[in-house]
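The chain contents come next:
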Amino acid sequence: MRVIVTDGRLRVRRTATQGSTPMSRGGRFSIAAALATLALLAAPTLALGTTPAPTPTSTSAPTLSGVPAPGQTLTCSTGAWSGNPSGFSYAWLRDGAPIAGQSGSAYVVQSADQGHSISCQVTASNGGGEYTIVGLPSGSYKVEFFPSEGNYLFQYFNGQSSPTTATPVAVTAPNTTSDVNAELHVGGQITGKVTVAAGGAALAEVLVCTFDESSGGGGCATANGGGEYTIVGLPTGSYRVWFYPTGGNYLPQPYVANPVPVTAGSTTPNVDAALAAGGQISGRLTAESGGGAIAGAEACAFESVHENSGGCATTNGNGEYTIQGAASGEYEVSFDAVGCSESGCTQQNYIRKTVKGVVVTAGSTTPNVNAALASGGQISGTVSGAEGGGGVEVCALEPTEGYVQCASTNASGAYTIPALISGEYEVQFSPLFTCGTIGCIPTNYLSQSYGSLVPVAAPNTHAGIDAAMSSAGKISGRITAETGGGAIAGGSACAYELTTKSYGACTTTNGNGEYVLQGFATGTYEVRFAAVGCGENGCTQQNYLERVITGVVVTAGSTTPNVNAALQAGGQIAGRVTDAATHAALANVFVCASGELGAKEFGYGCATTTGAARASGVARSNALSVPAPNSSFKLVGKPKFNAKTGNLVFTFQFPNAGHLGWSLFFKNSDVGFADSLGISLGEGGAVAETARKKHKKCKKGSKKHRGRCVRILVPFSSGSKNVPAGTVKVSVHASRKALEALKSGHPLHVSGTFTFHSSLGGAPASDKVSTVVRPSKKKKGKHGKHHRG
């Protein structure tokens, strides 16, 4: 699959070779981001030093502070450690077992902790999630954090999603601005399954991409062998989803339903697609002369009306090809005899050809789109020069048709340019660039053109187009540190031509800080020096500022020596990236700092966070006991009876809120066992006394009175209510029997039990009470007689 950008639109061009997507993350997603991603993949990866981190050892245990009671906050200290740990994580324990979801340095005591002991466990770690961006000029920077794995959201410092709200980070070279940390939050996910529309079989190797214009979030993923995919790291938003098959005869499909809603921290599932069969174009490619099969050539289909790429395929050993996944339409099919293998590509001596008017219907095959390629003309010759003639690129340009073909000289300087149409060609000789991890450097020749147009009559070869290359100019020098003067090995030196601002060449300094640049025409150049060192294990950015030397005059054929540079130490930004919820170190987070330093200056640097903690130690704090719920309560003062309301009022003190219940009785003997007054004290209006003439003994709770077994206690009041913490007055209403007894002038000996159950749980508590309730006093009239009011 190829990613093609034309007129600002992103297109996917499929080939017979399947590939993986370079964009599988969430975050800001655009054509620019796609191209930047591809550029990053091609560029060296910045890495920091790999000095082993020491193992932290506890020298003083962590301690807990706070009140061990429900609703109160306990705080866990880190304790003291040797080994200079870079980070700490916490786990809270109840009776030694982890409490789920508690990973911060503070903990709010829960009701479930009552009657148990609480402690915390601290893990000190070194080497995880750390980064250092070096070589920064003094200035103000915006720092960005790009997670490259896991379901995390992109963010700016300090926890911002936009560069306009990002907190600037000040840098003063050569100092380090520390603690520029980030806690990355979990992003949203889109999951689904891709199947074949006909039959429903799982479809693998489908590129699934999504984008939301409002949030700027998006990303891609590739369906696995079961057709399943997961796009991660998405900000909250509404997303469109596209499905691009990277192989097989299937049509791409945009998600036809409404935009897919995504909420950061959750998953939007079942965003599925069933891909319909595409159209196919098949045929055979042969040589016009002799009819032999042409293997290893490329056949590509292009629908010009809607600018749809129908895909490409490579001819097999018999010259046959099949282009798959084309939508319905009319296509042009172009054939180019490019033969590719593990060692690269070569142009066979056939002239490319296009067949127009190929009609395709999705779900069917358009067969016999064949082509016979004519043999091309050739230009050959020998190149000589101080370097021996090797390392020169020779290109032939037909000005009228714009037809171009190129070839490179071999070690002896010989070359042959194949596949040329008949016509007259401009032939150009240019140094061939050899590219490494830092940049490219050419062979030390000046470009030149052949003195006249070279006629070609296909299929003939025009030989003897030779060239003697002139030597180019060189620049040499040494890079050192301004402080101490030590050599900077692995630094880079790049030269640019000042008049045209065109790129010249780049190279890397050796162990002594020395470099040689070459391939320059006579002119004036600027040379840029940076302490970027690349080798077999990747690239490292040393902490030096870039320096530019202008006005370097170069004369072709000679060397301009002693273009030296002493680099100043740069500023640094350092920090640590962790998971916002678990505080675990996050590896492979790409961190970049960028800043506008002036009208023409721009500071920039990147680093990648280190892997998971390489060394860690564990220590446990002291334990604090959380008391069990307290249901004890206290009677305050003596109960008081209110004759007007018939309520007996108690005053209690409660330790906390809960539920209070009571059951109170008075003695039957207070009223002469009821029958002496002729009132009914039994339940439901029945007489309290129960005849037991035939029995000598009465049941428990009863007493024999005048030959009958009568109840000893008569209910005074029973009930319950919810009560708050503190001092509370509780009114219990006397029963009808009690009120009748009191009305008759009898004092009642009331006793019973109050039971309180704390809302915090635990066992209930009970308290027995005993008091005497007396009838109200009657007022006397004028003549001293009792008067009933």
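Treat the numbers as computed from the prediction; the structure is a model and nothing was measured.

Q: Please explain the pattern of salt bridges as it appears in this structure.
A: Pairs can form between side chains of opposite charge once their charged atoms are near each other. Under the criterion given, the structure shown has four salt bridges. In this structure, Asp113 and Arg94 form a salt bridge, with 2.6 Å as the shortest nitrogen-oxygen distance. Note that Asp113 is positioned in the loop between strand S9 (106-108) and strand S10 (117-126) and Arg94 in strand S7 (residues 87-94), a separation of 19 residues in sequence. Via salt bridges that share partners, Glu526, Arg528 and Glu546 belong to a single interconnected network.

Q: What's the story with unusual backbone geometry in this structure? I'm lost.
A: Glycine aside, the phi torsion of most residues is negative, and most peptide linkages are trans. The linkage connecting Phe157 with the following residue, Asn158, adopts the cis geometry, with an omega of 5°. Structurally, Asn158 is set in the loop between strand S13 (155-156) and strand S14 (169-171). In this structure, Pro174 follows Ala173 across a cis peptide bond, with omega equal to 5°. In this structure, Asp95 is a non-glycine residue whose phi angle is positive, near 55°. Mapped onto the elements, Asp95 comes out in the loop between S7 and strand S8 (97-98). Look at Asp95 and you get partly exposed, because its relative accessible area is 46%. Unlike most non-glycine residues, Glu205 shows phi in positive territory, near 55°. With respect to the helices and strands, the residue Glu205 is situated in the loop between strand S17 (188-196) and strand S18 (206-211).

Q: Explain the confidence of the model for the protein here, please?
A: The predicted coordinates should not be examined in detail at positions where pLDDT is low. Counting all residues, the mean pLDDT for the protein is 83, and 85% of those residues have values of 70 or more. Every residue in residues 1-51 is under pLDDT 50, and counting partners more than four places away or in other chains gives 120 contacts. When the criterion is pLDDT under 50, residues 782-789 qualifies, and its contacts beyond four places in sequence or with other chains add up to seven contacts.

Q: Please explain the sheet that holds strand S4 (residues 64-65) as it appears in this structure.
A: Taken in spatial order, the three strands make up an open sheet running S4-S5-S9, and their pairing is antiparallel. With one partner strand each, in any of the chains shown, S4 and S9 form the two edges of the open sheet. Of the strand pairs in this sheet, S4 and strand S5 (residues 73-76) are connected by two bridges, and their pairing is antiparallel. Bridging from a neighbouring strand, Leu64 pairs with Cys76 of S5.

Q: I keep staring at the state of the cysteines and nothing clicks. Help me out?
A: Disulfide: a covalent bond connecting the sulfur atoms of a pair of cysteines. In this structure the tally under the stated criterion is six disulfides. Here Cys209 is linked by a disulfide to Cys220, with a sulfur-sulfur distance of 2.0 Å. Measuring handedness by torsion sign, the sulfur bridge of Cys209 and Cys220 sits at about 110° and is right-handed. Residue Cys209 is located in strand S18, and its partner Cys220 is located in strand S19 (residues 218-222); the two are separated by 11 residues in the primary sequence.

Q: Just checking my understanding: could you explain the packing of aromatic side chains for this structure?
A: For any pair of aromatic rings, the description rests on two quantities: the centre-to-centre distance and the angle between the ring planes. Under the counting rule described, the total for this entry stands at 20 aromatic pairs. On the numbers, 5.6 Å between centres and 70° between planes, the contact of Tyr321 with Phe335 is edge-to-face. Here the residue Tyr321 occupies a position in strand S29 (residues 320-326), and Phe335 occupies one in strand S30 (residues 329-336), the gap between them amounting to 14 residues. We classify Phe335 as buried; its relative accessible area is 1%. Ring plane angle 20° and centroid distance 5.8 Å describe the contact between Phe633 and Phe654, whose orientation is recorded as stacked. Separated by 21 residues along the polypeptide, Phe633 in the loop between strand S61 (624-625) and strand S62 (634-635) and Phe654 in strand S64 (residues 647-654) bring together distant segments of the chain. The same class applies to Phe633 and to Phe654, which are both buried. An aromatic cluster is built from Phe633, Phe650, Phe652, Phe654, Trp662, Phe754 and Phe756, whose rings are joined through pairwise contacts.

What counts, and at which threshold
- Residues numbered from 1 in each chain as written.
- Predicted model: local features only at pLDDT ≥ 70, side-chain atom pairs only at ≥ 80, totals over all residues.
- Heavy atoms only, no water.
- Salt bridge = Lys/Arg side-chain N within 4 Å of Asp/Glu carboxyl O.
- Helix = DSSP H or I, 4+ residues; strand = E, 2+ residues; numbered from the N terminus.
- Buried < 20%, exposed > 50% of the residue type's maximum accessible area, 1.4 Å probe, protein only.
- pLDDT = per-residue confidence, 0-100.
- Contact = heavy atoms within 4.5 Å.
- Pairing = 2+ DSSP bridges.
- Disulfide = S-S within 2.5 Å.
- Phe/Tyr/Trp six-rings, centres within 6.5 Å; stacked < 30°, edge-to-face > 60°.

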